[in-house]
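Report on the structure
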Amino acid sequence: MTTQTSSATESGYRSPLLDRLPGAVAADGVDAGVAAHYGDLFREQRALASGQGFVDLSHRGVVTVSGPERLSWLHLLLTQHVSELPPGRATEALILSPNGHIEHALYLVDDGATVWMHVEPGTTGELVAYLQKMKFFAQVEIADATAEYAVVFAASDAPVPDGVAAVRELGHGRDLFLPRPALADAVTGLGPAAGLWAYEALRVEAHRPRLGFETDHRTIPHELGWLETAVHLQKGCYRGQETVARVHNLGRPPRRLVFLHLDGSEESLPAHGAPIRLASDGPEGRPLGFVTTAVRHHELGPIALGLVKRNTAPDAPLLAGTVAAAQELIVEA
């Protein structure tokens, strides 16, 4: 992942909601600048799960592509079929390296005139540079809109505020692209605030991968189940498509994403990158993979996602770091 940042979410960014909302505790790492929680992690999770509340995602990058050829041009670059994307329909797509490794994950919606997308913090500059390089003579305009617009996730029962620039309707809620100067006022009617920890816990429960967490420099879409949501297997002509087709048609990916139920008696969660081993081999055994995201869930207790070698037996007890773990399949073994 690139460490290049956008002007609105560069190092030192601090959401205005951190100072406006009571109990806000700032996140760190790649999610620095927004709230990790507001003092009650499980209450925040339960609210989101029941369709109430919102999450401040204003640290994420926002990129827009406008112009009459925007969809046909993006169709040539992305793993997703977007040439006939209807206005208002949410989708997601990847940009791959020539060898098929995941470089960018884009969360898209077209409003009839402009494609809006949000991306991981720190990746906007590199993404925009790549898109500009691929523009050639296409009638498109590419912009880093992070300084002007901020993303908020609103649960399904939350209303759409006035002044929203674009909406991505999802099965579990909606992404709102809001004018950044109006962010603090726009969220007042969205219900209770929930932090990134609650949002991430529900993401892990739903097995949704995240760039930079479930990916490393050699991850291909097949390993994470992204073929189902972000890749269209009947389209070609995009960078890395040969790898996608070859692995899909001729063999299985070298690794697979797994859902881990962690031992609830342990006080700490395994860190991102903690090695995953067979429990029978003990904490000094040969690593089979690594923990990608570990969270505490309001119903399931401590859970995690992990990336392991494909030939790891699906019923094998594991160690995630030093924590005992049982696995559930996400990607076929």
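Regarding its fold elements, the protein presents eight helices and 18 strands. The globule rule puts the C-alpha radius of gyration for 333 residues at 20 Å, and the 20 Å found for the protein is close to it. Considered along the principal axes of its C-alpha atoms, the protein spans approximately 60 × 50 × 35 Å. With 333 residues in all, the protein has 54% of them scored as buried.

Across all of its chains, the model carries 17 salt bridges by this definition. For Lys-135, the salt bridge goes to Glu-141, with nearest N and O atoms at 3.7 Å. For Asp-175, the salt bridge is made with Arg-168, and the minimal N-O distance between the two is 2.6 Å. Arg-168 sits in the buried class, given a relative accessible area of 2%. Beyond isolated ion pairs, a larger network of salt bridges with shared partners links Asp-31, Arg-60, Glu-120, Glu-200, Arg-203, Arg-210 and Glu-214.

With respect to the element layout, Ser-97 can be found in the loop between β5 (91-96) and β6 (102-110). Under the relative-accessibility criterion, Ser-97 is labelled buried at 8%.

This paragraph deals with helix α2 (residues 41-49). The set of residues buried in α2 consists of Leu-41, Glu-44, Gln-45, Ala-47 and Leu-48. Take α2 and look down its axis: the buried residues cluster within an arc of 160°, on one side only. Considering only its buried residues, α2 is in contact with β2 (35-37), β3 (54-56), β9 (149-154), β12 (193-194), α6 (196-205) and β15 (289-297). Of the residues one or two after α2, Gly-51 is the one with positive phi, at around 90°.

In low-pLDDT regions, the fine details of the predicted coordinates are not to be read closely. Taken as a whole, the protein shows an average pLDDT of 95; of its residues, 97% reach a score of 70 or greater. Below a pLDDT of 50 lies the segment residues 1-7, which in the model reaches 20 contacts outside its immediate sequence neighbourhood of four places, other chains included.

Looking now at the sheet that holds strand β18 (residues 323-329). Read around the closed barrel, the six strands follow the order β13-β16-β15-β14-β17-β18; overall the barrel is antiparallel. Averaged over neighbouring strand pairs, the angle between their axes works out to 45° when direction is ignored. Set on the sheet, α6 makes contact with β13 (255-262), β15 and β16 (301-309); between it and β15 the angle comes to about 120°.

Our next topic: the sheet that holds β12. With respect to topology, five strands assemble into an open sheet ordered β10-β11-β9-β3-β12, the strand pairing being mixed. If you trace the sheet from one side to the other, it starts and ends with β10 (166-170) and β12, each paired once. Relative to strand β11 (residues 173-179), β10 is paired through five bridges, and the arrangement is antiparallel. In the sheet register, Arg-168 faces β11, and the bridge partner there is Asp-175. Against the sheet, α6 contacts β3, β9 and β12, and its axis sits at roughly 115° relative to β3.

Residues spaced three or four apart along an α-helix point in a common direction, a consequence of the helix completing one turn every 3.6 residues. Taking burial as the measure, the eight residues of helix α3 (residues 70-77) include six buried ones, the bulk of the element. Among the residues making up α3, those that are buried are Arg-70, Leu-71, Trp-73, Leu-74, His-75 and Leu-77. Considering only its buried residues, α3 is in contact with β4 (61-66), β5, β6, β7 (114-119), α4 (124-133) and β8 (141-144).

Further remarks concern the packing of aromatic side chains. Applying the stated rule across the entire model yields three aromatic pairs. For the pair Trp-116 and Tyr-149, a centre-to-centre distance of 4.9 Å together with 85° between the ring planes defines the contact as edge-to-face. Of this pair, Trp-116 sits in strand β7 while Tyr-149 sits in strand β9; the two residues are 33 residues apart in sequence, bridging distant segments of the chain. Using a relative accessible area of 24% as the deciding quantity, one classes Tyr-149 as partly exposed. Of the aromatic side chains, those joined through ring pairs into one cluster are Trp-116, Tyr-149 and Phe-177.

At a minimum axis distance of 9 Å, the contact between α2 and α6 shows a crossing angle of 55°. As far as their axial angle goes, α6 and α2 are oblique. Remark: the crossing between α2 and α6 carries right-handed chirality. Across the interface between the two elements, Leu-41, Glu-44, Gln-45, Leu-48 and Ala-49 of α2 pack against Trp-197, Ala-198, Tyr-199, Ala-201 and Leu-202 of α6.

The buried count for β5 comes to six of six residues, which makes it a mostly enclosed element. Burial along β5 is two-sided: Thr-91, Ala-93 and Ile-95 and Glu-92, Leu-94 and Leu-96, pointing in opposite directions, are all buried. Pairing of β5 with β6, which is carried by six bridges, proceeds in the antiparallel orientation. Bridged to Leu-94 within β6 is Ala-105.

The rules we used
Residues numbered from 1 in each chain as written. Predicted model: local features only at pLDDT ≥ 70, side-chain atom pairs only at ≥ 80, totals over all residues. Heavy atoms only, no water. Helix = DSSP H or I, 4+ residues; strand = E, 2+ residues; numbered from the N terminus. Rg over C-alpha atoms; globule rule 2.2 N^0.38 Å. Buried < 20%, exposed > 50% of the residue type's maximum accessible area, 1.4 Å probe, protein only. Salt bridge = Lys/Arg side-chain N within 4 Å of Asp/Glu carboxyl O. Arc of directions from axis to C-beta. Contact = heavy atoms within 4.5 Å. pLDDT = per-residue confidence, 0-100. Pairing = 2+ DSSP bridges. Axes fitted to C-alpha atoms, helices over the stretch in contact; angles between N-to-C directions. Phe/Tyr/Trp six-rings, centres within 6.5 Å; stacked < 30°, edge-to-face > 60°. Parallel < 35°, antiparallel > 145°, perpendicular 65-115°, else oblique. Left-handed = near helix turned anticlockwise from the far one by under 90°.

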